Amino acid sequence: MILIEKPAAPEKLSDGKPLTSSYCNDFKIDADFYNSGEKKFDFKSNIYGHESVKNRLREAHHGKCCFCEGVFEANAAGDVEHYRPKHYSQQGHGMPKIYPGYYWLAYDWDNLFYSCQDCNRSHKRNYFPLRDPEARVRNHLGDLAAEAPLILCPGGPENPRDHIHFRQEIALGKSNAGKSTIEIVGLNRLSLTEERLELLKPLRALRDIVRLFANHDGEDQRNELAAARGLLGGAVRPEFRFSAMMSDFLSDDLSEAGVT
């Protein structure tokens, strides 16, 4: 999981502004019914999930899932993920559903990300744990800055790399938020760890070749070494799948291998 920098919001999301205003007005009128879950908001997926929105997110995410960094579109479509859930939220597995969700953020660009279906639908779903559950903002009049989420936001303000470290193919939490994110999003699910391990195998071999030939003076060796160094350097770039894992794997070897 890496920090994602998004460009300006697509124009299509402006269609959600009058709807957001109507949601806020409706809540004021029938707050008790929305708090109980008896009444629900009618969100328009053709706005937040519009192709122009998805395309801009896909570009900002380098075609990868915002959580697992997997490249998945050859096998499944991507989802527009709401970081703060729009329908309802849950503190954790088996915990009560908390109504309403963050309805006023349904079309908010800062709340939208690009995710694989496995991370979004099978794992994160509507979970949004907080350090202090009593601080949860229950409506549009609250202050989101008062919350301390235990699931990292791919768009910051904190860099996920400060909270999650990889030891080989396994994700390790460096903080409570990092540990919670790994668990909720399923960053160590078997399918992911196996895919990451397979990607590590050729990288490990390439790293060892660079180490072996680092001091050879022949022109052919220097050319091959330069090519290998370039491949190693490319593996840690944000557009490369599992770049966070690759960066951690190579971090002890970059200076030795001459990679910057």
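Before any of the text, the structure's been laid out above.
Procedures and definitions
The residue numbering used here restarts from 1 in each chain and proceeds along that chain's sequence as written. Only residues with pLDDT of at least 70 get local features here, since the model is predicted, and only at 80 or more are side-chain atom pairs given and counted; chain-wide, interface and lining totals rely on the full set of residues. Side-chain descriptors were evaluated using all non-hydrogen atoms of the structure, hydrogens and water having been removed beforehand. A pair of Phe, Tyr and Trp rings is counted when the ring centres sit within 6.5 Å of each other, with Trp represented by its six-membered ring. The angle between the planes then sorts it: under 30 degrees is stacked, over 60 is edge-to-face, the rest tilted. Strands here mean DSSP runs of E at least two residues long; helices mean DSSP runs of H or I at least four residues long; both are numbered from the N terminus. Exposure categories follow from relative accessible area, calculated using a 1.4 Å probe and restricted to protein chains: below 20% of the type maximum is buried, above 50% is exposed, and the middle band is partly exposed. Here a helix's expected span is defined as the number of its residues, less one, multiplied by 1.5 Å. Here, the arc refers to the directions that run from the helix axis to the C-beta atoms. Residue contacts are counted whenever heavy atoms from the two residues lie within 4.5 Å of one another. Throughout this description, the term nonpolar core refers to a set of buried Ala, Val, Leu, Ile, Met, Phe, Trp, Tyr and Cys residues connected via side-chain atoms within 4.5 Å. Note on definitions: salt bridges are taken to be side-chain nitrogens of Lys or Arg within 4 Å of carboxyl oxygens of Asp or Glu. For two strands to count as paired, DSSP must find a minimum of two bridges between them.

Caption draft 1: A look at the packing of aromatic side chains. The final tally for this structure, using the stated rule, is 14 aromatic pairs. Pairing Phe27 with Tyr103 gives two aromatic rings, centres 5.5 Å apart and planes at 25 degrees, and the pair type is stacked. Of this pair, Phe27 sits in helix α1 (residues 16-29) while Tyr103 sits in the loop between β1 (79-82) and β2 (112-115), and the two are 76 residues apart along the sequence. No difference in accessibility class separates Phe27 from Tyr103, as the two residues are buried. Pairing Phe41 with Phe43 gives two aromatic rings, centres 6.1 Å apart and planes at 45 degrees, and the pair type is tilted.

Caption draft 2: Here's a closer look at α1. With 14 residues, α1 should cover 20 Å at 1.5 Å per step; its first-to-last C-alpha distance of 20 Å lies within 8% of that length. For α1, every residue scored as buried is listed here: Gly16, Thr20, Tyr23, Cys24 and Phe27. For α1, the buried positions fall inside an angular range of 95 degrees around the axis, keeping them on one side. Across α1 from its buried face, at more than 90 degrees, point the exposed residues Pro18, Lys28 and Ile29. Residues of α1 that are buried in the fold lie against α2 (31-36) and α3 (45-48).

Caption draft 3: Local environment of the nonpolar core. Ranked by internal contacts, the top residues of the largest apolar core, which has 60 residues, are Phe43, Tyr103, Tyr107, Ile164 and Leu187. At the level of secondary structure, the elements contributing two or more residues to this core comprise α1, α3, α4 (51-60), β2, β3 (164-167), α6 (176-185), α7 (190-213) and α9 (243-250). The element best represented in this core is α9, accounting for five residues.

Caption draft 4: Layout of the pattern of salt bridges. Here the structure, examined in full by the defined rule, presents twelve salt bridges. For the salt bridge of Asp248 with Arg161, the shortest nitrogen-to-oxygen distance reads 2.7 Å. Of this pair, Asp248 sits in helix α9 while Arg161 sits in the loop between α5 (117-124) and β3, and the two are 87 residues apart along the sequence. Neither Asp248 nor Arg161 differs from the other in exposure class; each is buried.

Caption draft 5: Spatial organisation of the pairing of β3. Residues Ile164 and Phe166 line the buried face of β3, whereas the alternating positions His165 and Arg167 sit on a face that is not buried. As judged from the four bridges shared by β3 and strand β4 (residues 170-173), these two strands associate in the antiparallel manner. Note that in β4 the partner of Phe166 across the bridge is Ala171.

Caption draft 6: Just unusual backbone geometry, in detail. The linkage connecting Tyr99 with the following residue, Pro100, adopts the cis geometry, with an omega of -15 degrees. Along the chain, Pro100 turns up in the loop between β1 and β2. A cis amide bond links Gly156 with the next residue in sequence, Pro157, at an omega value of 15 degrees. Locating Pro157 in the fold gives a position in the loop between α5 and β3.

Caption draft 7: α4, seen in detail. Residues of α4 that are buried include every one of Val53, Lys54, Leu57 and Ala60, and no others. For α4, the angular spread of the buried residues around the axis is 125 degrees, confining them to a single face. Buried residues along α4 sit against α3, β1 and β2.

Caption draft 8: Structural view of the side chain of Glu81. Along the chain, Glu81 falls in strand β1. Residue classification places Glu81 among the buried residues on the basis of a relative accessible area of 2%. When near neighbours in sequence (up to four residues on either side) are disregarded, Glu81 contacts Phe67, Asn111, Leu112, Phe113, Ser115, Asn120 and Lys124.

Remember, this is a structural readout, not a statement about activity or role.
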